[in-house]
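As a plain string of letters, each chain reads:
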Amino acid sequence: SFFVSYLIQIVAQHSLNALLVFGWDTINTREKYLKTLVGVYSAYSSVLVVSTILNAVLINIGVQKDIAFWGTLAGTGVLNYYLLSWLATRKNNEDDLGPSLKSSRVRGGG
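Residues numbered from 1 in each chain as written. Predicted model: local features only at pLDDT ≥ 70, side-chain atom pairs only at ≥ 80, totals over all residues. Heavy atoms only, no water.

### Focus on the overall build of the protein
The helix and strand inventory of the protein stands at four helices and zero strands. In the protein, the succession of helices and strands from N to C terminus is α-α-α-α. The proportion of buried residues among the 110 residues of the protein is 24%. Considering only intrachain contacts with a sequence separation of at least 6, the fraction spanning at least 24 residues in the protein is 57%. (Helix = DSSP H or I, 4+ residues; strand = E, 2+ residues; numbered from the N terminus. Buried < 20%, exposed > 50% of the residue type's maximum accessible area, 1.4 Å probe, protein only. Contact = heavy atoms within 4.5 Å.)

Written as structure tokens, this is what we have:
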């Protein structure tokens, strides 16, 4: 099915994002790789649901199927880019914190 193949290709897309956009240093350890992969799965899975709903809404309000498809594709492509950029920036900012600051953030402090 489309959903299953989409979820499988996220692994390849994750590597391509590191190679072409964010740099290999974002996945150069097992911990970084797994953390960012979870983030990518979360982002892409969420956008998959949003795009399906958006496409259905557009078609139901009378937008032609081709226009709804391409509009949804373009919109979610941009959304994916900004969402992954935000996740990468957030992850890099957490890496810049010292261990004591990270643990205090988890406990609810600073």
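Next comes the rest of the write-up.
### Examining the pattern of salt bridges
For the structure shown, the criterion picks out one salt bridge. Here K35 ties to E31 by a salt bridge, and the two come within 3.9 Å at their closest N and O atoms. One end of the pair is K35 and the other is E31, both in helix 2 (residues 30-60) and four residues apart, which spans about a single turn. (Salt bridge = Lys/Arg side-chain N within 4 Å of Asp/Glu carboxyl O.)

### A short note on the side chain of H14
The residue H14 is located in helix 1 (residues 2-22) in this model. Judged by relative accessible area, H14 falls into the buried class, the value being 3%.

### Some remarks on the side chain of T26
Within the element layout of this structure, T26 appears in the loop between helix 1 and helix 2. The exposure class of T26 is buried, given its relative accessible area of 16%. Polar side-chain contacts of T26 include one of 2.6 Å to the backbone oxygen of G23. With residues near it in sequence (within four places) discarded, T26 still touches A18, K32 and T36. (Polar contact = N/O pair within 3.5 Å; in protein donor to acceptor, adjacent residues only side chain to side chain.)

### As for the packing of helix 1 against helix 2
Where helix 1 contacts helix 2, the two axes come as close as 10 Å, and the packing angle between them is 135 degrees. The pairing of helix 1 with helix 2 is recorded here as oblique in orientation. In the packing of helix 1 onto helix 2, the handedness of the crossing is right-handed. Of the residues in helix 2, those in contact with F2, F3, Y6, L7, I8, I10, V11, Q13, H14 and N17 of helix 1 are Y33, T36, L37, V40, Y41, Y44, S45, L48 and T52. For the contact of helix 1 with helix 2, the residue count by class is 13 nonpolar, six polar and no charged. (Axes fitted to C-alpha atoms, helices over the stretch in contact; angles between N-to-C directions. Parallel < 35°, antiparallel > 145°, perpendicular 65-115°, else oblique. Left-handed = near helix turned anticlockwise from the far one by under 90°. Nonpolar A, V, L, I, M, F, W, Y, C, P; charged D, E, K, R; others polar.)

### A look at helix 1
The sharpest bend along helix 1 reaches about 35 degrees and sits at V11. Residues of helix 1 that are buried include every one of Y6, I10, H14, N17 and A18, and no others. One or two steps after helix 1, the chain reaches G23, where phi turns positive at roughly 100 degrees. (Bend = angle between axes of the 7 residues up to and from the residue.)

### As for the packing of aromatic side chains
All chains considered together, the criterion is met by two aromatic pairs. Seen in terms of ring centroids, F69 and W70 are 4.9 Å apart; in terms of plane orientation they differ by 80 degrees. Their pairing is edge-to-face. Judged by its relative accessible area of 42%, F69 falls in the partly exposed class. We classify W70 as exposed; its relative accessible area is 55%. Taken together, a centroid distance of 5.3 Å and an interplanar angle of 80 degrees make the contact between Y81 and Y82 edge-to-face. (Phe/Tyr/Trp six-rings, centres within 6.5 Å; stacked < 30°, edge-to-face > 60°.)

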